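Here is how the chains run, residue by residue.
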Amino acid sequence: LFAIFAFATCGGYSGGLRLSVDCANKSESDLNIDIAFAYPFRLHQVNFDAPTCEGKRREKLSLIGDFSSSAEFFVTIAVFAFLYSLAATVVYIFFQNKYRENNRGPLIDFIVTVVFSFLWLVGSSAWAKGLSDVKIATDPDEVLLLMSACKQQSNKCLPVRSPVMSSLNTSVVFGFLNFILWAGNIWFVFKETGWHSSGQRHAPDTMEKQSSSYNQGGYNQDSYGPAGGYNQPGSYSQVGEYGQSQSYGQSGPTSFANQI
């Protein structure tokens, strides 16, 4: 939906401006000079006639600039993003098993999402700059400077109507919203890939290895090794006063008497 709004507000635009040239000789004036332009904004191909205020002769002029490259690039990204989103939705719903087969589907989806995020950023930035140039080129005050009659102080040149650029401004906003949407979706697509799954499996394996190495380091549940001095639960041995080993077990005094 965001992609549709982006290319619809830009690709479907058409606007215009109106100028007024009031010559010293009123019969030579033209108070309604309409100039229409539209997507893809090849303004140098937009021609219009203007009075020269020198008899009935009129001059043929054109707007300045060609901003079709940034506009068409932006619309192309929006159209392909819409088509890919539509195809991905069909795959998610009807071909989920094939999508996850061999992890190929999530990897392709992840790469395409990263590419589209980058293209949305570049395309929106380029179109924002192109739109700024379009506004300057279609500014009625700037267009009046192209007319020779407006260079004479005896003639009065005035802007009657300026072009409405609200839909084009909206297209730029939707362009950057699409960038945020696709860039934020990178994380969710990454979670579907095998890279994220392998990272989650690696952490428990590491903990298990550390736990096993801890147990093998000489600690058991009920006994300590030779270095600790304890052999079996309930008994221990020590060297007596005359160098003889004495053992004290669970049998208590009887065992001690037998040893004596």
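Calculation rules
- One numbering rule holds for all chains: residues counted from 1, following each sequence as written.
- It should be noted that, the model being predicted, local features are given only for residues of pLDDT at least 70 and side-chain atom pairs only at 80 or more, the latter also being counted only at that level, while totals for whole chains, interfaces and linings use all residues.
- Each side-chain value is worked out from all heavy atoms of the structure, with water and hydrogens disregarded.
- Here the rule is simple: two strands pair whenever DSSP picks up at least two bridges between them.
- Secondary structure is summarised from DSSP: a helix means a run of H or I of at least four residues, a strand means a run of E of at least two, and numbering begins at the N terminus for each.
- Working convention: axes come from line fits to C-alpha atoms, limited for helices to the stretch in contact. Angles between N-to-C directions cover 0 to 180 degrees.
- Throughout this description, any angle smaller than 35 degrees is read as roughly parallel, any larger than 145 degrees as roughly antiparallel, any in the 65 to 115 degree range as roughly perpendicular, and the remainder as oblique.
- The crossing is said to be left-handed when, going from far helix to near helix, the turn is anticlockwise and less than a right angle, and right-handed when the turn is clockwise.
- Should any heavy atoms of two residues lie within 4.5 Å, those residues are considered in contact.
- Take the number of residues in a helix, subtract one, and multiply by 1.5 Å to get its expected span.
- Remark: exposure states derive from per-residue accessible area (1.4 Å probe, protein chains only) relative to the maximum for the residue type, with buried under 20%, exposed over 50%, and partly exposed in between.
- Two cysteine sulfur atoms make up a disulfide if the distance between them is within 2.5 Å.

S.K.: Looking at this structure, I do not really get the pairing of strand β1 (residues 14-22). What am I missing?
M.R.: Alignment of β1 against strand β2 (residues 30-38), held across seven bridges, turns out to be antiparallel. Residue V21 lies in a different strand from β2, and its bridge partner there is D30.

S.K.: Can you help me understand the packing of helix α2 (residues 68-94) against helix α4 (residues 104-137) in this one?
M.R.: The axes of two packed helices give the description: the angle between them and the distance between them. Following both chains from N to C, one finds α2 and α4 inclined at 155°, their axes separated by 9 Å at the closest point. One finds that α2 runs roughly antiparallel with respect to α4. Note on packing geometry: the crossing formed by α2 with α4 is left-handed. Contacts from S70, A71, F73, F74, I77, A78, F80, A81, Y84 and Y92 of α2 reach α4 at I108, D109, V112, F116, L119, W120, V122, G123, S124, A126, W127 and G130.

S.K.: What should I look at first to understand α2 in this one?
M.R.: Since the α-helix packs 3.6 residues into each turn, any two residues three or four apart lie on the same face. Between the first and last C-alpha of α2 there are 39 Å, a value that for 27 residues agrees with the 39 Å anticipated at 1.5 Å per step. The complete set of buried residues in α2 reads S68, S70, A71, F74, V75, I77, A78, A81 and A88. Residues of α2 that are buried sit in contact with α1 (2-11), α4 and α6 (166-190).

S.K.: Just checking my understanding: could you explain the state of the cysteines for this structure?
M.R.: In a disulfide, the sulfur atoms of two cysteines are covalently bonded to one another. Counted according to the given criterion, the structure contains two disulfides. Here C23 is linked by a disulfide to C53, with a sulfur-sulfur distance of 1.8 Å. Across the disulfide from C23 to C53, rotation about the S-S bond amounts to roughly -70°, and the bridge is consequently left-handed. Placement of the pair is C23 in the loop between β1 and β2 and C53 in the loop between β3 (47-51) and β4 (58-62), with a sequence separation of 30 residues. For the pair formed by C23 and C53, the shared burial category is buried. The side chain of C150 participates in a disulfide bridge whose partner is C157; the two sulfur atoms lie 2.1 Å from each other. On the S-S bond that ties C150 to C157, the torsion sits near -100°, and the link is left-handed. Note on C150: relative accessible area 23%, which makes it partly exposed. The connectivity of the disulfide bonds within the chain can be written as 1-2, 3-4, using the sequence rank of each bonded cysteine.

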